[in-house]
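Here's the letter readout for the chains.
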Amino acid sequence: MTARILVVDDIRTNVKVLEAKLTSEYYEVIAASSGPEALEAAAGLKPDLILLDVMMPGMDGFEVCRRLKGDPDTAHIPVIMVTALGDPEDRVQGLSAGADDFLTKPVDDIAMFARVRSLLRVKLMLDELRMRERTSASLGVISPPVPSLDEDYAAAQILLVEDNPRDQVRLQRMIEGQFRTEMTADGLDALHRARQVEYDSVVVSLSLQNPDGLRLCSQFRTTEETRNVPILLLVGPDDQKQLVKGLEIGVTDYVVRPIDRNEFIARLRAQVRRKRYQDRLRLHYQQSMEMAVTDPLTGLYNRRYMASHLATLLAQSASQHGTAVAILDLDHFKQVNDTHGHPVGDEVLREIGNRIVRNIRGIDMACRYGGEEFVVLMPDTDLESSEVVANRLLQAIGGKPVTTRAGELTVTCSIGCTSSQQGGDTADSLLKRADDALYEAKNGGRNRIIYRTAS
């Protein structure tokens, strides 16, 4: 996996060493020698990952990281802080500033590349979600989510997987009151729970026996329901080889024993932040796409989506019955708006949309065609069979007054209905035939159904 990496260090020799190592692994390297230069490079050159020295004159690495994570344009870029400081307080400070990981000088090559590859995989997923978010944002329907260092951590759900009774007690005491936690000693039970509950993070002990810790992490990553849950691995000081393997198979972060409480909490909070940002991106995209294909007033599918769906139905249909289409138009609806106003008219349209949905079959699809017109698509339905649905709709709409702020209003509709001929219709021709039938129904006295066969 190739990527662009920004190396930030005020000592030129350190930059050259890291540049040589990263270039040998085919990464593109750009360099900055100060905090302000790093911020400018991150904003302008859009690196995939940043290796950031902590001890720099002027603006130190902690402040650079805080600014990067506080800017919506750079907050998603993974940051690995490189430091000679071994104090847990310094790691906590960096994690609180938004850092994703730490490397201690002198940098171990195996550890560095494992962490770089792990974070680049996360960045690749975030890039895909952000690309979808930009696509949906271009539709102008929902404001895009922004990464944040502020979250309600007390509501975060953490699953602890540890089979050592003493360590179970220690872990629970460490994070008591910080998160909502569950504990299990059985890896298979943990996997089962995570398939039922969406945890913000899962903490797995590398020394787990049933199954072993790395195998459980692998199972989390290959199971659909748990594929995206952050995994924090608890490792010993001599578990470097297993840690590298864990990062390769998808472990998101790790803590080395003996565990420092503050660092443990800080790393879990970092996982919660990332998970919730990813969740917001996915939800935003889903909502945006739903809004792009639905009518905001009635909640039905819109005309654009209906036309595309109808074309797909006709292209994929192997049924001899074909696809039936009914176009409904509310009779004299202009009088409702002129007499009672558009807010009352909107109430009527919403109620009519609800009545249509309640009176079609599960395989049918309803959409708002425009104004006071609606369309119902009936897959695998010939013209004779469509009569049942069309008659039910006519009765459902006109058989009971609509309750509005202006009182009860009686609304009727006219319906034009047709069905496709196998291999002989396009979406446009089918809609045109149904529309001709609707025109005939309205000219024939309204509140009726006209069926039209292909000529």
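Located above this text is the structure these notes cover.
Residues numbered from 1 in each chain as written. Predicted model: local features only at pLDDT ≥ 70, side-chain atom pairs only at ≥ 80, totals over all residues. Heavy atoms only, no water.

A. Focus on the pattern of salt bridges. Taken as a whole and judged by the stated rule, the model has 41 salt bridges. For Asp9, the salt bridge goes to Lys105, with nearest N and O atoms at 3.6 Å. Within this pair, whereas Asp9 is found in the loop between strand S1 (4-8) and helix H1 (12-24), its partner Lys105 is found in the loop between strand S5 (101-104) and helix H5 (109-137), the two being separated by 96 residues in sequence. You can call Asp9 buried: its relative accessible area is 4%. Overall, the relative accessible area of 29% leaves Lys105 in the partly exposed class. Residues Asp425 and Arg433 are paired through a salt bridge, measuring 2.9 Å at the closest nitrogen-oxygen approach. Both residues of the pair, Asp425 and Arg433, belong to the buried class. (Salt bridge = Lys/Arg side-chain N within 4 Å of Asp/Glu carboxyl O. Helix = DSSP H or I, 4+ residues; strand = E, 2+ residues; numbered from the N terminus. Buried < 20%, exposed > 50% of the residue type's maximum accessible area, 1.4 Å probe, protein only.)

B. Focus on helix H14 (residues 383-398). Counted at 1.5 Å a residue, the expected span for H14 with its 16 residues is 22 Å, and the 22 Å between its end C-alpha atoms agrees. Among the residues of H14, those classed as buried are Leu383, Ser386, Val389, Ala390, Leu393, Leu394, Ala396 and Ile397. Elements that come into contact with the buried residues of H14 comprise strand S11 (324-330), helix H13 (342-358), strand S13 (373-378), strand S16 (413-419) and strand S17 (449-452). (Expected span 1.5 Å × (residues − 1). Contact = heavy atoms within 4.5 Å.)

C. Highlighting the layout of surface pockets. There is about 480 Å³ of room inside the largest pocket. What lines the largest pocket is a set of 28 residues, among which Arg91, Thr104, Arg115, Tyr254 and Val256 lie closest to the centre. At the level of elements, helix H4 (88-96), S5, H5, helix H9 (240-249), strand S10 (253-256) and helix H10 (261-293) are the ones that each hand at least two residues to the lining of the largest pocket. Within this model, the second largest pocket holds a volume of roughly 300 Å³. Val122, Met125, Arg221, Arg227 and Gly250 are, among the 14 residues lining the second largest pocket, the residues nearest its centre. Mapped by element, the contributors of at least two residues to the lining of the second largest pocket are H5 and H10. (1 Å grid on protein atoms, 1.4 Å probe; cavity = no way out; pocket = protein on both sides within 12 Å on 5 of 7 lines; lining within 4 Å. Points joined across faces, edges and corners; volume = space filled by probe spheres on them.)

D. Structural view of the sheet that holds strand S2 (residues 28-32). Here we have five strands laid out as an open sheet, ordered S2-S1-S3-S4-S5, and parallel in their pairing. Bordering the open sheet on either side are S2 and S5, each of which pairs with just one other strand. Strand-to-strand, the axes of this sheet are offset by a mean angle of 20 degrees, without reference to chain direction. Pairing of S1 with S2 involves five bridges; the strand directions are parallel. By the bridge assignment, Val8 is partnered in S2 with Ala32. (Pairing = 2+ DSSP bridges. Axes fitted to C-alpha atoms, helices over the stretch in contact; angles between N-to-C directions.)

E. Quick look at the environment of Leu268. Relative to the helices and strands, Leu268 resides in helix H10. Taking the C-alpha atoms as reference points, Leu268 and Leu234, separated by 34 residues in sequence, lie 12 Å from one another. Setting aside chain neighbours within four positions, we find Leu268 in contact with Ile158, Ile175, Phe179, Ser201, Val203 and Leu232.

F. Structural view of empty space enclosed by the protein. Inspection of every chain in the model, using the stated rule, returns two cavities of 30 Å³ or more. The space that makes up the second largest cavity amounts to roughly 40 Å³. Surrounding the second largest cavity, Asp100, Asp101, Arg115, Ser118, Leu119, Leu247, Thr252, Asp253 and Tyr254 form its lining. Of all the elements in the fold, those that place two or more residues in the lining of the second largest cavity are H5 and S10. Residue contributions to the lining of the second largest cavity peak at three residues, all from H5.

G. View of the nonpolar core. Formed by 31 residues in total, the largest nonpolar core has its most connected members in Leu328, Leu330, Val348, Ile356 and Val376. Breaking this core down by element, the ones donating at least two residues are S11, helix H12 (333-340), H13, S13, H14 and S16. Per element, the largest residue contribution to this core is six residues, and it comes from H14. Sequence-distant contacts of Leu330, that is, excluding residues within four places in its chain, are made with Val348, Leu349, Ile352, Glu372, Phe374, Ile397, Val411, Thr412, Cys413 and Lys442. With 25 residues, the next largest nonpolar core counts Val54, Met59, Phe62 and Leu68 among its residues. (Core = buried A, V, L, I, M, F, W, Y, C linked by side-chain atoms within 4.5 Å.)

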